[in-house]
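Survey of secondary and tertiary structure
Spelled out from the first residue to the last, the chains are:
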Amino acid sequence: MTTLNSSFGMEYAPTPFLVRLGRREILVTRDFRKRFYAVNPIIEFDTGVVPGHLEVLLFRRWLLILSKAH
């Protein structure tokens with residue numbers, strides 16, 4: 001389904017869904033992690049926990065993980 005491993009903790013996320021567009025994947029879920037820094041209230045970009053991933057945090061709530069499909 002996705003390239004994320006179990007150490008990321010997706011088993012605790014409320015019903016994520018995956019969209020596959022050609023060779024790319026977009027995983028959409030609620031953000032459940034505690035952020036220990038000031039987060040931009042609208043959009044925040046960060047590198048993912050796995051190499052090659054990009055995390056986009058929207059409105060401090062929705063987490064979009066962009067990755068390459070395998």
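Since this is a predicted model, take the numbers as computed values, not measurements. (Residues numbered from 1 in each chain as written. Predicted model: local features only at pLDDT ≥ 70, side-chain atom pairs only at ≥ 80, totals over all residues. Heavy atoms only, no water.)

**Some points on the pairing of strand β4 (residues 54-58)**
Regular strands place their side chains on alternate faces of the sheet. Looking at chain direction, strand β3 (residues 43-47) and β4 are connected through five bridges and run antiparallel. In the strand pairing of β4, F45 is matched with V56. If you look at the hairpin formed by β3 and β4, you'll find six residues sitting between the two strands, and G52 has a positive phi there, around 90°. As paired strands, β4 and strand β5 (residues 62-68) are joined by five bridges and run antiparallel to one another. The partner of L54 across the bridge, within β5, is L66. Hairpin connection, β4 to β5: the antiparallel pair is bridged by three residues, and F59 has positive phi, about 55°. (Pairing = 2+ DSSP bridges. Helix = DSSP H or I, 4+ residues; strand = E, 2+ residues; numbered from the N terminus.)

**Digging into the nonpolar core**
The biggest cluster of nonpolar side chains holds five residues, and these are L27, V39, L57, L63 and I65. Apart from the residues within four sequence positions on either side, L57 is in contact with D31, R35, V39, I42, I43, E44, W62 and L63. (Core = buried A, V, L, I, M, F, W, Y, C linked by side-chain atoms within 4.5 Å. Buried < 20%, exposed > 50% of the residue type's maximum accessible area, 1.4 Å probe, protein only. Contact = heavy atoms within 4.5 Å.)

**Structural notes on the pairing of strand β2 (residues 24-30)**
In terms of strand pairing, strand β1 (residues 17-21) meets β2 through five bridges, oriented antiparallel. In the strand pairing of β2, L21 is matched with R24. Counting the residues that bridge the hairpin from β1 to β2 gives two residues, and of these G22 lies at a positive phi of roughly 65°. Where β2 and β5 come together, seven bridges link them in antiparallel fashion. Directly across from R24, in β5, lies its bridge partner K68.

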